[in-house]
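Tertiary structure, described
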Amino acid sequence: MNDTPPPARCEWLADAALIGAVALAAVRCVVTFYADWPTSPAPGLTLGPVGLQVSNALAALPLIAALVYRVVARRSVHWAALLLWASAPLVMWAVGGAGASAWPSWWAALALGLAVMHVADAPRRRKLLVGVLGGLLVALSLQAFGQYFYEHRETVELYEADPDAALRAQGIESGSVQQIKYETRLYQREATAGFVTANVLGSALGALVLSAAGVVLALWRSRTRDAAFGVAVLVGLFGVAALGLTFSKGAVLALLLTGGAVSASCWLTRRVPRTWLWRLVAFGLVVAALGGIGLRYAAGPPDDHTGERSLLFRAYYLQASLRMVAAEPVKGVGDFGEAYLKHKNVLNPENVKDPHNVFAMWVASLGVAGWAWSAVLLIWLWRAGRLASANDASDDEPPARRWRLTCAAIAALLVFVPYYLVLLRGHLAHAHNAGEAVALALYVALIPAAGALATCVMVALVGRLPGDPRPLRIGLFAAAAMALLHGQVEMNLTNPMAAPLMCVLLGAAGAVSAGATHAWRSDLVLGITLVFFILFSSIVVLADAHNERQQLRAYQAAIERYREGELTVDQAFELPVGRATNALVTRRVLDEMPAMVEGERRAELVNVLFKTLARYLIADFVGRDRIVQPAELTLFRAAAPLLNDAEAATAEERAEALLADTPYSMTNHLRAADLMWEMSLRERAAGWYERALWIDVQSYLDPDSRMPDADRRRAEQRIAEAGQKTAIP
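Fair warning: this is a prediction, and the values are worked out from it, not measured in the lab. (Residues numbered from 1 in each chain as written. Predicted model: local features only at pLDDT ≥ 70, side-chain atom pairs only at ≥ 80, totals over all residues. Heavy atoms only, no water.)

1. Quick look at the nonpolar core
Counting 168 residues, the largest nonpolar core has Phe 195 and Leu 377 as the members making the most contacts within it. Among the elements that make up this core, the one with the highest residue count is helix α1 (residues 11–30) (14 residues). Non-local contacts of Leu 377, meaning those with residues more than four positions away in its chain, are made with Leu 110, Val 358, Phe 359, Trp 362, Leu 484, Leu 493 and Leu 506. Ranked by size, the runner-up nonpolar core spans 23 residues in total, among them Met 666, Leu 670, Leu 693 and Met 707. (Core = buried A, V, L, I, M, F, W, Y, C linked by side-chain atoms within 4.5 Å. Buried < 20%, exposed > 50% of the residue type's maximum accessible area, 1.4 Å probe, protein only. Helix = DSSP H or I, 4+ residues; strand = E, 2+ residues; numbered from the N terminus. Contact = heavy atoms within 4.5 Å.)

2. Some points on the packing of helix α13 (residues 310–327) against helix α14 (residues 336–343)
The description of two helices packed together rests on the angle between their axes and the distance between the axes. Put simply, α13 and α14 touch, their axes get as near as 9 Å, and they point 95 degrees apart. For the element pair α13 / α14, the angle class is roughly perpendicular. In this structure, α13 uses Tyr 316, Tyr 317, Ala 320, Ser 321, Arg 323, Met 324 and Ala 327 to contact α14, whose residues at the interface are Phe 336, Ala 339, Tyr 340 and His 343. Classifying every residue of the contact of α13 with α14 by side-chain character gives eight nonpolar, two polar and one charged. (Axes fitted to C-alpha atoms, helices over the stretch in contact; angles between N-to-C directions. Parallel < 35°, antiparallel > 145°, perpendicular 65-115°, else oblique. Nonpolar A, V, L, I, M, F, W, Y, C, P; charged D, E, K, R; others polar.)

3. Side note on unusual backbone geometry
Despite not being glycine, His 356 shows a phi value in the positive range, around 60 degrees. One can find His 356 in the loop between α14 and α15 (358–366). For Ser 680, which is not a glycine, the phi torsion comes out positive at approximately 70 degrees. Checked against the element boundaries, Ser 680 lands in the loop between α28 (666–678) and α29 (682–698). For Ser 680, a relative accessible area of 58% puts it in the exposed group.

4. Some remarks on the pattern of salt bridges
In the structure shown here, the tally under the stated rule is 17 salt bridges. With a closest N to O distance of 2.7 Å, Glu 308 and Arg 296 form a salt bridge. Of this pair, Glu 308 sits in the loop between α12 (275–299) and α13 while Arg 296 is found in helix α12, placing the two residues 12 residues apart along the sequence. Looking at Glu 308, the relative accessible area reads 35%, which means it is partly exposed. Given the relative accessible area of 14%, Arg 296 is considered buried. Its salt-bridge partner being Asp 709, residue Arg 712 comes within 3.0 Å of it at the nearest N-O pair. Here Arg 712 and its partner Asp 709 are both found in helix α30 (residues 709–721), three residues apart, which amounts to about one turn of the helix. Among the charged side chains, a network of salt bridges with common partners joins Asp 674, Asp 711, Arg 714 and Arg 718. (Salt bridge = Lys/Arg side-chain N within 4 Å of Asp/Glu carboxyl O.)

5. Examining the side chain of Gln 319
Within the element layout of this structure, Gln 319 appears in helix α13. Reaching out from Gln 319, the side chain makes a polar contact with the side chain of Asn 345 at a distance of 2.9 Å. Beyond its immediate chain neighbours, meaning those up to four positions away, Gln 319 contacts Tyr 297 and Asn 345. (Polar contact = N/O pair within 3.5 Å; in protein donor to acceptor, adjacent residues only side chain to side chain.)

6. A short note on helix α3 (residues 60–72)
With 13 residues, α3 should cover 18 Å at 1.5 Å per step; its first-to-last C-alpha distance of 18 Å lies within 8% of that length. Among the residues of α3, those classed as buried are Pro 62, Leu 63, Ala 65, Ala 66, Leu 67, Tyr 69 and Arg 70. (Expected span 1.5 Å × (residues − 1).)

Pasting the structure below:
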């Protein structure tokens, strides 16, 4: 690497790249993104497919700016990591791989990490990064507190007011195993913020706490033990308290393991100052996590559900991942969740969409491209040892106060303006008059304002530190190490909301210091960056709001026209909505059709089966999708008395295809058996009922996955009526 300081004229480009990358990562943390509006629990409080894809596309801009900066400044570009990142879509195209639905988000996360890797080598920009992370820690903690003490109760009340509607919105059948598991998760009082799962939020909070701990230690060493020191301590404790509200044992354990390993390394490297010791720690933590999973798998399953199951289930996820790799080693299986139903261990009752391991997810889903992306993470981890082991630099003066405040304000606005717009849009739907609207506008500003203020305070606080404090760098190293450690047992590096932050942390740890740099304060250029990102954020919010309204209006109008007799069933499916959401919106129509159709009008369902369901196969949600095939069997079952011989044969063929794709799905076996029973194929139905009961017995490790009593009684009764004995107790 060329350690010559870059010319001052291009410093603004690196500043803009860093601010853009960190801001996008932070926005993805505080604003919830959903790929499909109909599955969103609160569409008004989220950004849907438009926001997700726009934010993914924007991730290329900081990387482009960072690369231009490196070239103009005549500094080396990390071509190995860059080419590995760029290889994924090229390899997928070359081998004809189906890809995974989440891969654009992974691509964007890695792009942000690469951008930070190229510009966070200057101490002053690293301080800016750590300061923004401190403000993000406060914002996420406030979200955790609000969700735990207020939003959880409101969510439960909304569900209990109309559980059937809530279940339909999630694509869950009333009385099914999925409902039991959904309600179990719903009534757990734990903080998840926008990450869907508490473990992922816990991972983000734990990593940010370690970064804040580096700030506290740096201030302690610099003898800055005034009010500023107290603020840093308070921010760290705030994050620890929020982490406790997630009740994530894995995140807490990962925090303790990483903190202990890093502390031991600090003590050891005082006596043996070697870079390889830090690399040994980083890779050792990853190996330890994988080794723990392997040892738990070797111990075998417990006799009942009271034993340890968390690590055991993760071992089963990895086992299924290895089977997928063996089946599709080059192009990958594409959608992990669908492939898992075929390759899973029958003792694992869960149907998961992620193996809770970043390497397994990427390799199983993307094949060769997944191996390439995994190598990028390992490159970052390898370089992180140099960052942690370097000595303090004394020739870097603290950046000017104006530069610090300008960058802090821009970063805060980039993160919290879109956050405020999303919150405001969601809450204004409940306003009945102008007075309530104003009150809500002020109310929803509390968390964004607090987060913005915390960002400015933390950036100003960290900027006071002279030189290149080693505790600050060790804090970043620890945060990155924990991110990758917990990424072996959790979804923090594949979750669309958390992955950008985690990759930014790994990229920052992989940015080795290049010595002193010159500060070139360009408020004008940074201001243009601010306007650009806020403009895009506003467009995203408005586009998603318009998209949502159009979908709901079209759906409601089609249903009303059908009920009034102006439309046939087949015409009602011609909803003017986009490809990305057409299948799920249509699913809502499917759910209501059996109840709406009476008497001879049920015959229209037969026509629907062979016309509208064909559109499913053309859309992005093709026949392999788990939403489509069960809905298809539901319609066949509703129309069973009207099917002719050819149509009945088609129904049986579709049922067999579904069970071939999901050989360990108890629910699908019940659904297929019920269809066969309605078609008077009782022997076939009895066999599938038997299979469903057998799968139920294998689900003893998770009581919430067991078959409901009503379904079990129906299956046993019909097996007896078919003249067969129940072989399953």
